[in-house]
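As a plain string of letters, each chain reads:
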Amino acid sequence: MEFFLDTADVDEIREIAAWGILDGVTTNPSLIKKSGRDFKEVVAEIASICDGPISAEVTAMDTAGMIEQGLALKAELPENVIIKIPCTPEGLAATKVLSDEGIKTNVTLIFSASQALMAAKAGATYVSPFIGRIDDTGHDGMELIAEIMNTWANYDIDTKVLAASIRHPTHVLQCIQLGAHTATMPAKTFRQLMSHPLTDKGLEGFMRDWAEVEAAGNA
(Lines give C-alpha, C1' and ligand atoms only; values in the text may rest on other atoms or scores of the structure.)
Protein backbone atom coordinates (compact mmCIF):
# COMPACT_ATOMS: atom_id res chain seq x y z
CA MET A 1 0.00 0.00 0.00
CA GLU A 2 1.06 3.57 -0.71
CA PHE A 3 1.11 5.81 2.36
CA PHE A 4 0.21 9.45 1.62
CA LEU A 5 0.19 12.34 4.09
CA ASP A 6 -2.88 14.58 4.06
CA THR A 7 -1.56 18.02 5.00
CA ALA A 8 -0.10 21.29 3.76
CA ASP A 9 2.18 21.63 6.80
CA VAL A 10 5.73 21.27 5.46
CA ASP A 11 7.13 20.55 8.94
CA GLU A 12 4.86 17.50 9.23
CA ILE A 13 5.88 16.41 5.74
CA ARG A 14 9.58 16.67 6.55
CA GLU A 15 9.01 14.66 9.75
CA ILE A 16 7.20 11.77 8.07
CA ALA A 17 9.39 11.85 4.95
CA ALA A 18 12.41 11.30 7.19
CA TRP A 19 10.97 7.90 8.13
CA GLY A 20 11.58 6.72 4.56
CA ILE A 21 8.04 5.48 3.94
CA LEU A 22 6.19 8.52 2.54
CA ASP A 23 4.84 7.84 -0.96
CA GLY A 24 2.92 11.06 -1.64
CA VAL A 25 0.96 14.00 -0.25
CA THR A 26 -2.61 15.19 -0.69
CA THR A 27 -3.75 18.76 -0.17
CA ASN A 28 -7.05 20.59 -0.52
CA PRO A 29 -8.21 24.21 -0.25
CA SER A 30 -9.01 23.82 3.46
CA LEU A 31 -5.52 22.49 4.23
CA ILE A 32 -3.92 25.26 2.18
CA LYS A 33 -5.96 27.85 4.11
CA LYS A 34 -4.85 26.28 7.40
CA SER A 35 -1.20 26.59 6.31
CA GLY A 36 -1.62 30.35 5.84
CA ARG A 37 0.66 30.28 2.80
CA ASP A 38 0.43 30.91 -0.94
CA PHE A 39 -1.05 27.87 -2.71
CA LYS A 40 1.55 27.41 -5.44
CA GLU A 41 4.44 28.23 -3.13
CA VAL A 42 3.50 25.62 -0.55
CA VAL A 43 2.71 22.93 -3.15
CA ALA A 44 6.07 23.51 -4.82
CA GLU A 45 7.86 23.16 -1.48
CA ILE A 46 5.94 19.98 -0.68
CA ALA A 47 6.92 18.56 -4.07
CA SER A 48 10.57 19.28 -3.28
CA ILE A 49 10.35 17.29 -0.03
CA CYS A 50 8.43 14.26 -1.32
CA ASP A 51 9.09 12.99 -4.84
CA GLY A 52 5.85 10.99 -4.97
CA PRO A 53 2.50 12.28 -6.29
CA ILE A 54 1.46 15.63 -4.77
CA SER A 55 -2.22 16.46 -5.25
CA ALA A 56 -3.01 20.10 -6.07
CA GLU A 57 -6.74 20.81 -6.27
CA VAL A 58 -8.49 23.00 -8.81
CA THR A 59 -11.04 25.50 -7.52
CA ALA A 60 -13.02 26.16 -10.71
CA MET A 61 -16.43 24.49 -10.89
CA ASP A 62 -16.84 24.48 -14.68
CA THR A 63 -15.07 22.11 -17.07
CA ALA A 64 -13.22 24.80 -19.01
CA GLY A 65 -12.02 26.42 -15.82
CA MET A 66 -10.82 23.11 -14.37
CA ILE A 67 -8.92 22.31 -17.55
CA GLU A 68 -7.36 25.78 -17.65
CA GLN A 69 -6.29 25.56 -14.01
CA GLY A 70 -5.02 22.00 -14.41
CA LEU A 71 -2.87 22.88 -17.41
CA ALA A 72 -1.51 25.97 -15.65
CA LEU A 73 -0.64 24.03 -12.50
CA LYS A 74 1.20 21.38 -14.50
CA ALA A 75 3.10 24.07 -16.38
CA GLU A 76 4.09 26.04 -13.28
CA LEU A 77 4.66 23.37 -10.63
CA PRO A 78 7.11 20.43 -10.31
CA GLU A 79 6.65 17.31 -12.42
CA ASN A 80 5.36 15.15 -9.55
CA VAL A 81 2.32 17.38 -8.94
CA ILE A 82 -0.96 15.78 -10.03
CA ILE A 83 -4.28 17.56 -10.48
CA LYS A 84 -7.06 17.00 -7.97
CA ILE A 85 -10.56 17.35 -9.41
CA PRO A 86 -14.01 17.04 -7.77
CA CYS A 87 -16.26 14.16 -8.77
CA THR A 88 -18.90 16.10 -10.70
CA PRO A 89 -20.02 15.80 -14.33
CA GLU A 90 -17.86 18.84 -15.11
CA GLY A 91 -14.99 17.25 -13.21
CA LEU A 92 -15.26 14.00 -15.17
CA ALA A 93 -15.15 15.93 -18.46
CA ALA A 94 -12.05 17.81 -17.27
CA THR A 95 -10.44 14.58 -16.09
CA LYS A 96 -10.94 13.04 -19.52
CA VAL A 97 -9.33 16.01 -21.29
CA LEU A 98 -6.39 16.22 -18.89
CA SER A 99 -5.79 12.46 -18.89
CA ASP A 100 -5.80 12.47 -22.70
CA GLU A 101 -3.03 15.09 -22.43
CA GLY A 102 -1.03 12.70 -20.25
CA ILE A 103 -1.72 14.63 -17.04
CA LYS A 104 -2.28 12.53 -13.92
CA THR A 105 -5.38 13.26 -11.86
CA ASN A 106 -6.93 12.49 -8.49
CA VAL A 107 -10.72 12.58 -8.55
CA THR A 108 -11.93 13.49 -5.08
CA LEU A 109 -15.10 13.63 -2.97
CA ILE A 110 -16.25 10.17 -4.02
CA PHE A 111 -19.05 8.61 -1.99
CA SER A 112 -20.24 5.70 -4.15
CA ALA A 113 -18.77 2.86 -6.19
CA SER A 114 -20.54 4.16 -9.29
CA GLN A 115 -18.81 7.54 -8.94
CA ALA A 116 -15.47 5.77 -8.54
CA LEU A 117 -16.03 3.66 -11.65
CA MET A 118 -17.08 6.62 -13.78
CA ALA A 119 -14.02 8.57 -12.64
CA ALA A 120 -11.83 5.60 -13.58
CA LYS A 121 -13.46 5.45 -17.02
CA ALA A 122 -12.68 9.15 -17.45
CA GLY A 123 -9.01 8.31 -16.97
CA ALA A 124 -8.38 9.22 -13.32
CA THR A 125 -5.02 8.10 -11.97
CA TYR A 126 -6.50 7.97 -8.45
CA VAL A 127 -10.04 8.01 -7.07
CA SER A 128 -10.52 9.24 -3.51
CA PRO A 129 -13.46 7.79 -1.56
CA PHE A 130 -14.03 9.62 1.75
CA ILE A 131 -14.36 7.15 4.63
CA GLY A 132 -14.62 9.40 7.66
CA ARG A 133 -17.28 11.67 6.21
CA ILE A 134 -19.49 8.63 5.58
CA ASP A 135 -18.92 7.49 9.17
CA ASP A 136 -20.05 10.96 10.27
CA THR A 137 -23.49 10.31 8.74
CA GLY A 138 -23.94 7.16 10.82
CA HIS A 139 -22.99 4.74 8.03
CA ASP A 140 -19.87 2.58 7.63
CA GLY A 141 -17.33 4.19 5.31
CA MET A 142 -15.42 0.95 4.98
CA GLU A 143 -18.36 -0.58 3.16
CA LEU A 144 -17.66 1.88 0.34
CA ILE A 145 -14.03 0.74 0.11
CA ALA A 146 -15.22 -2.88 -0.02
CA GLU A 147 -17.74 -2.06 -2.78
CA ILE A 148 -15.14 -0.24 -4.86
CA MET A 149 -12.53 -3.00 -4.49
CA ASN A 150 -15.14 -5.62 -5.45
CA THR A 151 -16.01 -3.53 -8.51
CA TRP A 152 -12.32 -3.25 -9.45
CA ALA A 153 -11.98 -7.04 -9.18
CA ASN A 154 -14.59 -7.46 -11.91
CA TYR A 155 -12.76 -5.31 -14.47
CA ASP A 156 -9.29 -4.50 -15.75
CA ILE A 157 -8.89 -1.07 -14.12
CA ASP A 158 -5.55 0.71 -13.72
CA THR A 159 -6.91 3.54 -11.55
CA LYS A 160 -5.72 3.37 -7.94
CA VAL A 161 -8.16 3.55 -5.03
CA LEU A 162 -6.93 6.23 -2.62
CA ALA A 163 -8.77 5.97 0.70
CA ALA A 164 -9.24 9.47 2.13
CA SER A 165 -10.84 11.15 5.14
CA ILE A 166 -9.08 8.63 7.36
CA ARG A 167 -9.63 9.32 11.04
CA HIS A 168 -7.73 6.61 12.93
CA PRO A 169 -5.34 3.64 12.50
CA THR A 170 -8.19 1.11 12.30
CA HIS A 171 -9.32 2.77 9.07
CA VAL A 172 -5.85 2.18 7.63
CA LEU A 173 -5.73 -1.46 8.75
CA GLN A 174 -9.15 -2.13 7.23
CA CYS A 175 -8.07 -0.50 3.96
CA ILE A 176 -4.98 -2.74 3.87
CA GLN A 177 -7.11 -5.83 4.45
CA LEU A 178 -9.54 -4.81 1.68
CA GLY A 179 -6.70 -4.20 -0.78
CA ALA A 180 -6.99 -0.43 -1.27
CA HIS A 181 -3.95 0.78 -3.20
CA THR A 182 -3.34 3.97 -1.23
CA ALA A 183 -4.32 5.63 2.04
CA THR A 184 -3.89 9.31 2.81
CA MET A 185 -3.93 10.34 6.44
CA PRO A 186 -2.99 13.14 8.83
CA ALA A 187 0.38 13.10 10.59
CA LYS A 188 -1.34 12.13 13.85
CA THR A 189 -2.48 8.84 12.30
CA PHE A 190 1.01 8.12 10.95
CA ARG A 191 2.37 8.51 14.49
CA GLN A 192 -0.39 6.32 15.94
CA LEU A 193 0.39 3.56 13.43
CA MET A 194 3.98 3.50 14.67
CA SER A 195 3.15 3.62 18.37
CA HIS A 196 2.58 0.58 20.59
CA PRO A 197 2.90 0.39 24.39
CA LEU A 198 4.61 -3.01 24.23
CA THR A 199 7.30 -1.57 21.94
CA ASP A 200 7.89 1.22 24.44
CA LYS A 201 7.90 -1.21 27.37
CA GLY A 202 10.30 -3.58 25.62
CA LEU A 203 12.69 -0.76 24.72
CA GLU A 204 12.66 0.52 28.29
CA GLY A 205 13.59 -2.96 29.54
CA PHE A 206 16.42 -3.33 27.02
CA MET A 207 17.85 0.08 27.91
CA ARG A 208 17.58 -0.61 31.64
CA ASP A 209 19.43 -3.91 31.28
CA TRP A 210 22.06 -2.32 29.04
CA ALA A 211 22.68 0.41 31.60
CA GLU A 212 23.41 -2.31 34.17
CA VAL A 213 25.80 -4.03 31.75
CA GLU A 214 27.68 -0.77 31.18
CA ALA A 215 27.75 -0.03 34.90
CA ALA A 216 29.23 -3.49 35.62
CA GLY A 217 31.85 -3.00 32.90
CA ASN A 218 32.92 0.32 34.37
CA ALA A 219 33.12 -1.00 37.95
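For the structure itself, consult the block above.
Residues numbered from 1 in each chain as written. Predicted model: local features only at pLDDT ≥ 70, side-chain atom pairs only at ≥ 80, totals over all residues. Heavy atoms only, no water.

## Some points on the nonpolar core
Membership of the largest hydrophobic core comes to 59 residues, with the highest contact counts inside it found for Leu 22, Val 43, Ile 54, Val 127, Ile 145 and Trp 152. Broken down by element, this core gets its largest block of residues, 6 residues, from helix H8 (residues 141-154). When residues no more than four places from it in sequence are discounted, the contact partners of Val 127 are Asn 106, Val 107, Ile 110, Ala 116, Ala 119, Ala 120, Trp 152, Thr 159, Lys 160, Val 161 and Leu 162. Judged by nonpolar contacts, the second largest core, of 6 residues, contains Phe 4, Ile 82, Leu 162 and Ala 164. (Core = buried A, V, L, I, M, F, W, Y, C linked by side-chain atoms within 4.5 Å. Buried < 20%, exposed > 50% of the residue type's maximum accessible area, 1.4 Å probe, protein only. Helix = DSSP H or I, 4+ residues; strand = E, 2+ residues; numbered from the N terminus. Contact = heavy atoms within 4.5 Å.)

## Quick notes on unusual backbone geometry
A negative phi angle is the norm for most residues apart from glycine, just as the trans form is the norm for most peptide bonds. The residue Leu 109 is not glycine, and still its phi comes out positive at about 60°. Note that Leu 109 resides in strand E5 (residues 105-110). Although it is not a glycine, Ser 165 sits at a positive phi angle of roughly 55°. Residue position: Ser 165 is located in the loop between strand E7 (160-163) and helix H9 (169-178).

## So, the packing of aromatic side chains
Per the counting criterion, the structure on display carries 4 aromatic pairs. Ring centres of Phe 3 and Phe 190 lie 6.0 Å apart, and the angle between their planes is 85°; on these two criteria the pair is classed as edge-to-face. Of the two residues, Phe 3 is situated in strand E1 (residues 2-6) and Phe 190 in helix H10 (residues 187-194); the sequence distance between them amounts to 187 residues. Taken individually, Phe 3 and Phe 190 each receive the classification buried, so the pair is uniform in this respect. Ring centres 5.8 Å apart and planes at 55° place the aromatic pair Phe 111 and Phe 130 in the tilted group. A residue pair is termed long-range when its members are at least 10 positions apart, and Phe 111 in the loop between E5 and helix H6 (113-121) and Phe 130 in the loop between strand E6 (126-129) and helix H7 (131-136) qualify at 19 residues. Overall, Phe 111 belongs to the partly exposed group, its relative accessible area being 37%. (Phe/Tyr/Trp six-rings, centres within 6.5 Å; stacked < 30°, edge-to-face > 60°.)

## Comments concerning the environment of Arg 133
Mapped onto the secondary structure, Arg 133 falls in helix H7. Given the relative accessible area of 43%, Arg 133 is considered partly exposed. Separated by 56 residues in the primary sequence, Arg 133 and Leu 77 have C-alpha atoms spaced 30 Å apart. The contacts of Arg 133, once residues within four sequence positions are left out, are Leu 109, Phe 111, Ser 165 and Arg 167.

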